[in-house]
Amino acid sequence: MNEHHTPSSPGGAVYEPTEYVHEKSWLTSLEQYQELYQQSVEDPETFWAEQAKEFLYWEKPWDKVLEWDFDDPHISWFAGGKTNVAYNCVDRHLHDGRRNKAAIIWESDERKSKVYTYQGVYNRVCRLANVLKAHGVKKGDVVAIYLPMVPEAVFSMLACARIGAIHTVVFSGFSATALRDRLQASQAKVLITADNGVRGGRINPLKAQADEALLEAPSVKTVIVVGRTRQEVDMMPGRDVYYHEEVSRDDISSHCDVEWVDAEDPLFILYTSGSTGKPKGIVHTTAGYLLGTAMTSKYTFDIRDDDVYFCTADVGWITGHSYITYGPMAIGATSIVFEGVPTYPDAGRFWDIVARHGVNQFYTAPTAIRSLMRSGDEFPNAHDLSSLRVIGSVGEPINPAAWEWYYHVIGHDRCSVVDTWWQTEGGAHMLTTIPGIMKMKPSAAGLPFFGMQPVVMNSEKEPSEAATGEEGRLCIKFPWPSMARGIWDDPGNARFKEVYFSQYPGLYFSGDAAVCDEDGYIWLKGRVDDVINVSGHRIGTAEIEASLNSHPEVAESAVVGFPHEIKGEGIYAYVVLKDGVDPDPGLDQILAGLVRKNIGPIAKPDVTHIVNELPKTRSGKIMRRILRKVAAGITDKEQYGDLSTLVDETVVDQIIDTRPHK
Ligand code: PRX
């Protein structure tokens, strides 16, 4: 084994799973995985019916395991079955010996922690569910959650699930405008927010932002405000109430009957960016989603009953939904909810949490790994990391150098690194490296999880042969229980079909490029659509362009990603000004401010490049591949491919010549 070899494609370093992980792993051999995997694809209905019985409580059994169609997309798992996500994640554990077990350990920005047992979560979720009901929330209504990483975020999700309401969590780093758009699109009836958020010692005025959004979101009739900092904020009489006052009212009981819902009733909507237009509200339903998250929590993270599990994501993203709240709680695990940032008070914060809480499974994103790696080994080395067994990565391809650092410095050459590839639309891990039994290849996501049938399609739209090293587009052939069922407010599933099922008829298209090697390991090569993956967060170029174009002096713009050492991808904006407008030296900042206002700080361009014109084909299409090359610093036109369809090739020279940071 050559530890210093750092490939980013097949044929490089391989690490065998260690005995340290294997001696306790749920799955005991690769053969066992293969056998189960085989069953899961040869007879999916029997396989999933067995898993659904093992992992979930059913108030009423289902009528039909699976119905599906990928042409006119329609997917249904366990239809007719009745269950409830909150019952599965909380109530069940009051009677299975976990009543006094820690469900959530909350670690505040200031390094204080608070433990909530399953009984404690039950009481809080029931009280909040009763408060929602008292404010008129019924099954099928939408409740928006715009909260920082406080335990009330988890209670809010579960309270909605308990009464059959559909939640839509909006990342607290999003701006008032982004929140407004999501409130309008989902027609939310209630908004749960906080007075302020606290991250890295800084205050984020959430209520003030919510107030701005609410000016144009009339569907919201009630705003429930969590007092995080307890500073005074504006409260609109008749609309705004304080969370702590509502849940402690004498007439609010700490018992709330469960609403038994259909397996296919929606659990939540989560807005995510795509190639075009506004973010799409991805809809996940009840039973299949919970089954996928529960099962992957058990097998990918290899969680044991006395383990402490820590996922560093924010509940505003799918990773937080599936792997802070639903998956871990469905299997009765102890999950850490961390409010802060990895670098506050210093770059040892994660490792301090691992040591103080005895974390066994740790799950983060490559961007965090890269930035902590840069801070130096003295931070991890100053903490006891010996409790760790499984360390996970998610959000973007992990580069080999970051993988190696994670494995050696954090995992002490003995933990399993699980590189989990999946998406908002997938609900749960789709490709993964199961710990203790699968060898690890730095930068490869690994093998399909049970039931997943990936296929890499080549440029002829044929499945590419494994082991040829041929890059293609990653598609999935067969439905899986936790997959999205559609897009919110999309009559006839038209947009759902167009985005995911039209490029490769009969297949689900992921939007990612990939290579499959001789062992069936899949190596992800990034998005092939106009989505930029910035620090593991998906941002649509169209959304950023719309913000830039809203400036009165901007004629048009084109945004592309470029390789960025820490963020994975950075944002590069090409901007054409209107005729006669002279670029003002502060324009970069003004444009960045607009993007921040419309979307949030994560979408701000790293580079703004004012150009005379964009390279366009005769049919008027912007040739983005050229823009990507220039952004990546490739200025040799030989490497640009065919330019003959451009209206004016000199546009390209002008762009190269004016490139900033040459
Ligand atoms: O491009 C892939 C990348 O993130 C995209 C999904 O983004 P999102 O829906 O926001 O979900 C992120 C968390 C699951 C994918 O299309 N991606 C995610 N995980 C990986 C990855 N790329 C490579 N390796 C991964 N492990």
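Structure: above.
In this report, the structure presented in the accompanying data block is examined. (Residues numbered from 1 in each chain as written. Predicted model: local features only at pLDDT ≥ 70, side-chain atom pairs only at ≥ 80, totals over all residues. Heavy atoms only, no water.)

### Considering the overall build of the protein
1) Next: Helices and strands together make up the secondary structure of the protein, namely 20 helices and 32 strands.
2) Next: A compact globule built from 662 residues would reach a C-alpha radius of gyration of about 26 Å, and the protein, at 24 Å, matches this within 12%.
3) Next: Here the protein holds 662 residues, and the buried ones make up 61% of them.
4) Next: Counted over contacts in the protein with a minimum sequence separation of 6, partners at least 24 positions apart contribute 72%.
5) Next: Split by element, the accessible area of the protein, about 24600 Å² in all, is 48% carbon and sulfur.
6) Next: Charge separation in the protein, taken as the distance between the mean sites of 65 positive and 90 negative side-chain charges, equals 4 Å. (Helix = DSSP H or I, 4+ residues; strand = E, 2+ residues; numbered from the N terminus. Rg over C-alpha atoms; globule rule 2.2 N^0.38 Å. Buried < 20%, exposed > 50% of the residue type's maximum accessible area, 1.4 Å probe, protein only. Contact = heavy atoms within 4.5 Å. Areas by Shrake-Rupley, 256 points an atom, 1.4 Å probe, with all protein chains shown as cover. Lys, Arg positive; Asp, Glu negative; His and termini not counted. Charge placed at Lys NZ, Arg CZ, Asp CG, Glu CD.)

### A closer look at the packing of aromatic side chains
1) Next: In the structure shown here, the tally under the stated rule is 48 aromatic pairs.
2) Next: Relative to tryptophan 317, the ring of phenylalanine 174 lies with its centre 5.7 Å away and its plane at 65 degrees, an arrangement referred to as edge-to-face. Taken as a pair, phenylalanine 174 in the loop between strand 7 (166-169) and helix 7 (176-186) and tryptophan 317 in the loop between strand 16 (308-311) and helix 11 (318-330) lie far apart in primary sequence, 143 residues in all. The two residues phenylalanine 174 and tryptophan 317 agree in class, both being buried.
3) Next: Aromatic pair phenylalanine 562 and tyrosine 572: ring centres 6.0 Å apart, planes at 85 degrees, arrangement edge-to-face. Taken as a pair, phenylalanine 562 in strand 30 (residues 554-564) and tyrosine 572 in strand 31 (residues 568-577) lie far apart in primary sequence, ten residues in all.
4) Next: Take phenylalanine 562: its relative accessible area is 14%, and that puts it in the buried class.
5) Next: Through successive ring pairs, a cluster of aromatic residues spans Tyr33, Tyr37, Phe47, Trp48, Phe55, Trp58, Trp62, Trp77, Phe78, Tyr299, Phe449 and Phe450.
6) Next: Taking the ring centre of tyrosine 521 as reference, the NZ or CZ of lysine 441 above it sits at 4.6 Å.
7) Next: We note lysine 461 situated over the ring of tyrosine 504; from NZ or CZ to the ring centre the distance is 4.8 Å. (Phe/Tyr/Trp six-rings, centres within 6.5 Å; stacked < 30°, edge-to-face > 60°. Lys NZ or Arg CZ within 6 Å of the ring centre and 35° of its normal.)

### Focus: the site of the ligand
1) Next: In the neighbourhood of the ligand, 17 residues make up the surrounding shell, with Asp419, Thr420, Thr424, Arg527 and Arg538 lying closest.
2) Next: At 3.1 Å, a backbone N or O of glycine 395 approaches a nitrogen atom of the ligand.
3) Next: Considering the ligand on its own, with 540 Å² of exposed area, one finds that the protein chains cover 96% of that surface.
4) Next: For the shell around the ligand, the residue count by class is six nonpolar, six polar and five charged. (Near = heavy atom within 4 Å. Polar contact = N/O pair within 3.5 Å; in protein donor to acceptor, adjacent residues only side chain to side chain. Nonpolar A, V, L, I, M, F, W, Y, C, P; charged D, E, K, R; others polar.)

### Remarks on the state of the cysteines
1) Next: Applying the stated criterion to the full structure yields zero disulfides.
2) Next: Left unpaired, cysteine 126 is separated from the closest cysteine sulfur, that of cysteine 256, by 5.5 Å.
3) Next: This cysteine, cysteine 516, is not joined by any disulfide, and cysteine 475 carries the nearest cysteine sulfur, 13 Å off. (Disulfide = S-S within 2.5 Å.)

### Here we look at a positive patch on the surface
1) Next: Taken together, the side chains of Arg199, Arg202, Arg596 and Lys604 present a region of like positive charge at the surface.
2) Next: Inspection of the secondary structure assignment puts lysine 604 in the loop between helix 18 (587-598) and strand 32 (607-611).
3) Next: Assessed through its relative accessible area of 31%, lysine 604 is described here as partly exposed. (Patch = residues over 30% accessible without salt bridge, like charges linked within 9 Å, V, L, I, M, F, W, Y side chains within 5 Å. Salt bridge = Lys/Arg side-chain N within 4 Å of Asp/Glu carboxyl O.)

### What to know about the sheet that holds strand 19 (residues 390-394)
What links the strands of a sheet is backbone hydrogen bonding, and the strands pair in either a parallel or an antiparallel sense.
1) Next: Pairing in this open sheet of seven strands is mixed, and the strands run 5-4-17-16-18-19-20 from one edge to the other. Whereas interior strands pair on both sides, the edge strands pair on one side only; in this sheet they are strand 5 (113-117) and strand 20 (416-420). Geometrically, the sheet is characterised by an average inter-axis angle of 20 degrees between neighbouring strands, direction not taken into account.
2) Next: Direction of pairing for strand 16 relative to strand 18 (residues 361-364): parallel, over a ladder of three bridges. Across the sheet, the residue bridging to phenylalanine 310 is phenylalanine 362, located in strand 18.
3) Next: Helix 6 (residues 151-163) rests against strand 4 (102-107), strand 5 and strand 17 (334-338) of the sheet, and its axis sits at about 140 degrees to strand 4. (Pairing = 2+ DSSP bridges. Axes fitted to C-alpha atoms, helices over the stretch in contact; angles between N-to-C directions.)

### What about the environment of valine 142?
1) Next: Position of valine 142 relative to the elements: it lies in strand 6 (residues 142-146).
2) Next: Separated by 125 residues in the primary sequence, valine 142 and leucine 267 have C-alpha atoms spaced 9.9 Å apart.
3) Next: With residues up to four places along the chain from it excluded, the contact list for valine 142 reads Ile166, Thr168, Ser186, Gln187, Ala188, Lys189, Val190, Ile269 and Trp488.

### As for the pattern of salt bridges
1) Next: Following the criterion strictly, the structure yields 39 salt bridges and no others.
2) Next: A salt bridge links aspartate 251 to arginine 249; its shortest N-O distance comes to 3.1 Å.
3) Next: Arginine 249 sits in the partly exposed class, given a relative accessible area of 30%.
4) Next: In this structure, aspartate 517 and lysine 441 form a salt bridge, with 2.7 Å as the shortest nitrogen-oxygen distance. One end of the pair, aspartate 517, is in the loop between strand 26 (508-516) and strand 27 (522-527); the other, lysine 441, is in the loop between strand 21 (431-432) and strand 22 (447-448), and 76 residues separate them in sequence.
5) Next: Under the relative-accessibility criterion, aspartate 517 is labelled buried at 1%.
6) Next: Classification of lysine 441 as buried rests on a relative accessible area of 7%.
7) Next: A network of salt bridges, in which partner residues are shared, links Glu107, Arg111, Arg349, Asp352 and Arg356.

### Things to note about the sheet that holds strand 26
1) Next: Taken together, four strands build an open sheet; the order of strands is 23-24-26-27 and the sheet is antiparallel. Edge positions in the sheet fall to strand 23 (454-457) and strand 27, since each has one partner strand and no second. Ignoring which end each strand starts from, the neighbouring axes of this sheet average 45 degrees apart.
2) Next: Taken together, the four bridges between strand 23 and strand 24 (residues 472-476) define a ladder with antiparallel strand orientation. Among the inter-strand pairings, proline 454 is bridged to a residue of strand 24, identified as isoleucine 476.

### Focus on empty space enclosed by the protein
1) Next: Counted by the stated rule, this structure contains two cavities of 30 Å³ or more.
2) Next: Reported here for the largest cavity is a volume of approximately 70 Å³.
3) Next: Forming the boundary of the largest cavity are 13 residues, of which Trp48, Gly292, Phe449, Trp480 and Ser482 lie nearest the centre.
4) Next: Class assignment for the residues of the lining of the largest cavity results in eight nonpolar, five polar and no charged.
5) Next: Roughly 50 Å³ of volume is contained in the second largest cavity.
6) Next: In this structure, the second largest cavity is lined by Asn84, Val85, Ala161, Gly164, Ala165, Val261, Pro266, Leu267 and Thr286.
7) Next: In terms of residue class, the lining of the second largest cavity is built from six nonpolar, three polar and no charged. (1 Å grid on protein atoms, 1.4 Å probe; cavity = no way out; pocket = protein on both sides within 12 Å on 5 of 7 lines; lining within 4 Å. Points joined across faces, edges and corners; volume = space filled by probe spheres on them.)

Worth remembering: the numbers are spatial, not functional.
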